[in-house]
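# Summary of structural features
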Amino acid sequence: MVAGTLIVTNPLVGQSVDSRVVALLNEISVERLATTIDTLAGFGTRHTLSQTDSPTAGIGAARQWIFDRFRSTGPRLQVSFDTYRVAPQGRITREVELRNVVAVLPGRSARRIYVSGHYDTVARPEGSNRFEWENADLPAPGANDDGSGTALVLELARVFGASDVEFDATLVFIAFAGEEEGLIGATLHATRAAEEKVPIDAMFNNDIVGGVIGGDGSADSRSVRVFSEGPADSPSRQLARHIRDVAARYVPGHEVRLVARADRFGRGGDHTAFNQRGYPGVRFTESRENYGRQHTVADTPAGVSAEYLARNARVNAAGIASLALAPASPLVMSDRGRPMLRRGTTGYDATLTWREVPGATAYRIVWRRGWALDWEFERIVPGGTTELTLPSVSIDDYIFGVAAVDQAGLSSLVAAYVNPPRRRVEIQTR
Ligand SMILES: [Zn+2]
């Protein structure tokens, strides 16, 4: 057995909570979320090609209202439209101006944490199974898909933006456009971010997070699913583990159910656009979906529970705040993409090295057996340490990671030593 402390698998035991995070969670308002859902559904449709010249209906009114709501939070939020002109293609049947709505809360460092929902909607004609992508005037209230995610983003922007908590990470609250036509707003934004090498540590995407009763009549108001891309060591999986663990501490009684796949079967969401460009990101979706309401005129506020949505907002807030207050993750991969993990001087030890992180007062070294999904063992070493050898521990049989911990006990995401892909060998024959 490996020398280390066995990690207590019940995260409710022996884990403290941070009073700043608790104070933020207490500000989340069920009533405010309910009112926001009503307002968003009240625009009639938020179809990408719907009208932009009415102050009360269509996507133009909706995006201006979201912009104004961000603005009304106060001077800490930097609010803007992230605007693109999109040519006709696929489900976009005419040239259209597309606007993501963005609110940035600057932190001490440039690293960013995103929380998102998409504010556009679509609905099939009543009684039809077929989409008419050019038909922008059909009623498409989108209360749950994705008024719920948009309301959650607006509520977190209000709570975080109005607080006086200083975060290390810069927070980005974003309502995406053009999701229904193929993740268009998120793809354009993520592409630009990747080109400009914007450091994005985490992306919390919320899409359909307000419904409690599934289309099959089953109900679950006490859990939410979090989907994350593989492999098991990916930063997205590590983000998912973090969310589950902090949820257990800060929102007890509301379970985060991790699903080890990028999204629901055969489907994608705005986080996918970020994942494809190398950014860690997960998707939140309610436990029991009602497919009969989605993309129809029946996706009304009656299908959304503001109490349930508020619990999901608190899970997001706990995950975001605890990461944004904590130090950055240590670098454990070299500039050339090689893991900083060696077999030690004997050839049979595990020697881990990592880069020092400003603000870290300790490092948490974790490891698990190669077939385990969760970290099983840990050791804490003081700040200033950048190397640890575990004698007679096989780097082939175990997976390793390091997190930076600050004075308040807040931990960064674990950075895992990821096995690099092998180069493909081609053999020539005669
Ligand atoms: Zn959606």
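Remember, predicted model here, so these are calculated numbers, not experimental data. (Residues numbered from 1 in each chain as written. Predicted model: local features only at pLDDT ≥ 70, side-chain atom pairs only at ≥ 80, totals over all residues.)

## Section: the domain arrangement of the protein chain
Here the protein chain is partitioned into domain 1 (19-325) and domain 2 (329-416). Inter-centroid distance (C-alpha atoms) of domain 1 to domain 2 is 33 Å. Each partner contributes residues to the interface: domain 1 has ten residues there, and domain 2 has seven residues. Elements that contribute at least two residues to the side of domain 1 that touches domain 2 include exactly α6 (235-250) and α8 (306-325). (Domains from an automatic or database assignment. Contact = placed C-beta atoms within 7 Å. Helix = DSSP H or I, 4+ residues; strand = E, 2+ residues; numbered from the N terminus.)

## Description of the pairing of strand β4 (residues 112-118)
Burial analysis of β4 places seven of its seven residues in the buried class, the great majority of the element. Neither face of β4 is exposed, since R112, Y114, S116 and H118 on one face and I113, V115 and G117 on the opposite face are all buried. Judged from the seven bridges that link them, β4 and strand β5 (residues 170-176) form a sheet pairing that is parallel. The partner of S116 across the bridge, within β5, is I174. Taking the sense of rotation as the criterion, the β-α-β connection linking β4, helix α4 (residues 147-162) and β5 turns out right-handed. (Buried ≥ 20, exposed ≤ 12 C-beta atoms within 10 Å, placed from the backbone. Pairing = 2+ DSSP bridges. Right-handed = clockwise from strand over helix to strand, strands pointing away.)

## Describing the confidence of the model for the protein chain
Residues of the protein chain with pLDDT of at least 70 account for 97%, and the chain-wide mean is 95. Every residue in residues 9-14 is under pLDDT 50, and counting partners more than four places away or in other chains gives eight contacts. (pLDDT = per-residue confidence, 0-100.)

## A closer look at the nonpolar core
Grouped together as the largest cluster of nonpolar side chains are 117 residues, with contacts concentrated most on L156, L171, L309, A317 and A318. Counting residues per element, this core draws most heavily on α8, which supplies twelve residues. Mapping this core onto the domain boundaries places at least three of its residues in each of domain 1 (19-325) and domain 2 (329-416). Residues in contact with L156, not counting those within four places in the same chain, are V115, F173, A313, N316 and A317. (Core = buried A, V, L, I, M, F, W, Y, C linked by C-beta atoms within 7 Å.)

## Digging into α8
With 20 residues, α8 extends 27 Å between its outermost C-alpha atoms, agreeing within 8% with the 28 Å of an ideal straight helix rising 1.5 Å per residue. Of all 20 residues making up α8, 18 are buried, and the element is well covered by its neighbours. (Expected span 1.5 Å × (residues − 1).)

## Observations concerning the packing of helix α2 (residues 30-41) against α4
One can describe the packing of α2 onto α4 by two numbers: an axis separation of 9 Å at closest approach and a directional angle of 130°. The orientation of α2 with respect to α4, classified from their angle, is oblique. Here α2 runs over α4; the crossing is right-handed. Here R32, L33, T36, I37, L40 and A41 of α2 come into contact with α4, specifically with G147, S148, T150, A151, L154 and E155. (Axes fitted to C-alpha atoms, helices over the stretch in contact; angles between N-to-C directions. Parallel < 35°, antiparallel > 145°, perpendicular 65-115°, else oblique. Left-handed = near helix turned anticlockwise from the far one by under 90°.)

## Some points on unusual backbone geometry
Along the chain, D145 connects to D146 via a cis peptide bond; the corresponding omega equals -5°. Along the chain, D146 falls in the loop between β4 and α4. Note that the residue after G230, namely P231, is joined by a cis bond; omega there is 0°. For L183, which is not glycine, the phi torsion reads 55° and is therefore positive. Taking the C-beta count within 10 Å as the criterion, L183 has 22 such neighbours and is therefore assigned buried. Phi is positive for S392, close to 55°, though the residue is something other than glycine. Here S392 shows up in the loop between β14 (387-390) and β15 (398-405).

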